[in-house]
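# Structure assessment
What follows is the residue order along each chain.
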Amino acid sequence: MNIGLVAHDAKKNLMQNFCIAYRGILSKHNIYATGTTGRLIEEVTNLNIHKYLAGHLGGEQQLASQIEHNQIDMVIFLRDPLSPKSHEPDVNNAIHLCDTYNIPFATNLATAELLVKALDRGDLEWREILRKEEMQE
């Protein structure tokens with residue numbers, strides 16, 4: 001499975017801790033992240049992260065493109081609803097695309113944990129079936 005990870009500045013440390021906690025599950029999948037978030041995750045987990053540009057430099061658009069081409073199976077976008085900054089990626093575009101293309105999407109730690117545990121149980125295998133069917137069309 002291909003997993004997209006993004007975190008606003010105030011949530012980057014939380015994303016690192018999340019990835020440390022679920023490293024065993026995440027290591028079985030392909031992880032894509034915006035530049036700074038990806039670098040910070042790699043530093044603490046040694047996971048292999050496919051890094052986009054920094055979010056405000058186009059990384060969010062790179063993730064959006066993969067979503068539109070059905071190449072991402074799940075997105076965790078830990079956002080800071082209390083103090084968003086103008087240079088940080090806009091979560092609304094990612095939400096819109098994930099809703100459009102039926103991509104499971106989490107914006108907070110509680111939902112992220114549910115998705116990762118579902119991923120580990122195999123509850124998201126329907127994404128792989130859907131992708132194979134689209135490739136045959």
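You'll find the structure just up there.
These figures come from a predicted structure and were not determined experimentally.

## Quick look at helix H6 (residues 109-121)
Helix length check: H6, at 13 residues, gives a terminal C-alpha distance of 18 Å against a target of 18 Å (1.5 Å per residue), a fit within 8%. Among the residues of H6, those classed as buried are Ala112, Leu115, Val116, Ala118 and Leu119. Along the axis of H6, the buried residues cluster in a sector spanning 160 degrees; they form a single face. Among the exposed residues of H6, those pointing more than 90 degrees away from its buried face are Ala110, Leu114 and Arg121. On its buried face, H6 sits against strand E1 (2-7), helix H1 (12-21), helix H2 (23-26), strand E4 (74-78) and strand E5 (105-106). For H6, the side-chain oxygen to backbone nitrogen distance between the N-cap and Ala110 is 3.1 Å, and the N-cap itself is Asn108. Positioned one or two residues after H6, Gly122 has a phi angle of 90 degrees, which is positive.

## Things to note about the pairing of E4
Burial of E4 is extensive: five of the five residues sit out of reach of the surface. In E4, alternate side chains face the same way, and those of Met74, Ile76 and Leu78 on one face and Val75 and Phe77 on the other are all buried. With two bridges connecting them, E4 and E5 associate as parallel partners. Bridge pairing links Val75 to Phe105 in E5.

## Things to note about the pairing of strand E2 (residues 30-33)
Note that E1 and E2 share four bridges and pair parallel. Bridging from a neighbouring strand, Ile3 pairs with Ile31 of E2. Across three bridges, the pairing between E2 and strand E3 (residues 49-51) is parallel. Note on E3: the bridge partner recorded for Ile31 is Ile49.

## Details of the sheet that holds E5
Ordered by their spatial adjacency, five strands build an open sheet running E3-E2-E1-E4-E5, and the pairing between neighbours is parallel. Sheet topology places E3 and E5 at the edges, where each strand pairs with a single neighbour. Here helix H4 (residues 59-68) sits on the sheet in contact with E1, E2 and E4, set at roughly 155 degrees to E4.

## Details of the nonpolar core
Counting 24 residues, the largest nonpolar core has Leu5, Met15, Phe18, Leu26, Met74, Ile76 and Val116 as the members making the most contacts within it. Among the secondary structure elements, those contributing two or more residues to this core are E1, H1, H2, E2, E4 and H6. Among the elements that take part in this core, H6 stands out by supplying four residues, more than any other. The contact partners of Leu5, leaving out residues within four places of it in the chain, are Met15, Cys19, Ile31, Tyr32, Ala33, Thr34, Thr37, Ile41 and Ile76. Counting 15 residues, the second-largest nonpolar core is a separate cluster that includes Ala64, Ala94, Ile103 and Phe105.

Conventions adopted
Residues numbered from 1 in each chain as written. Predicted model: local features only at pLDDT ≥ 70, side-chain atom pairs only at ≥ 80, totals over all residues. Heavy atoms only, no water. Helix = DSSP H or I, 4+ residues; strand = E, 2+ residues; numbered from the N terminus. Expected span 1.5 Å × (residues − 1). Buried < 20%, exposed > 50% of the residue type's maximum accessible area, 1.4 Å probe, protein only. Arc of directions from axis to C-beta. Contact = heavy atoms within 4.5 Å. Polar contact = N/O pair within 3.5 Å; in protein donor to acceptor, adjacent residues only side chain to side chain. Pairing = 2+ DSSP bridges. Axes fitted to C-alpha atoms, helices over the stretch in contact; angles between N-to-C directions. Core = buried A, V, L, I, M, F, W, Y, C linked by side-chain atoms within 4.5 Å.

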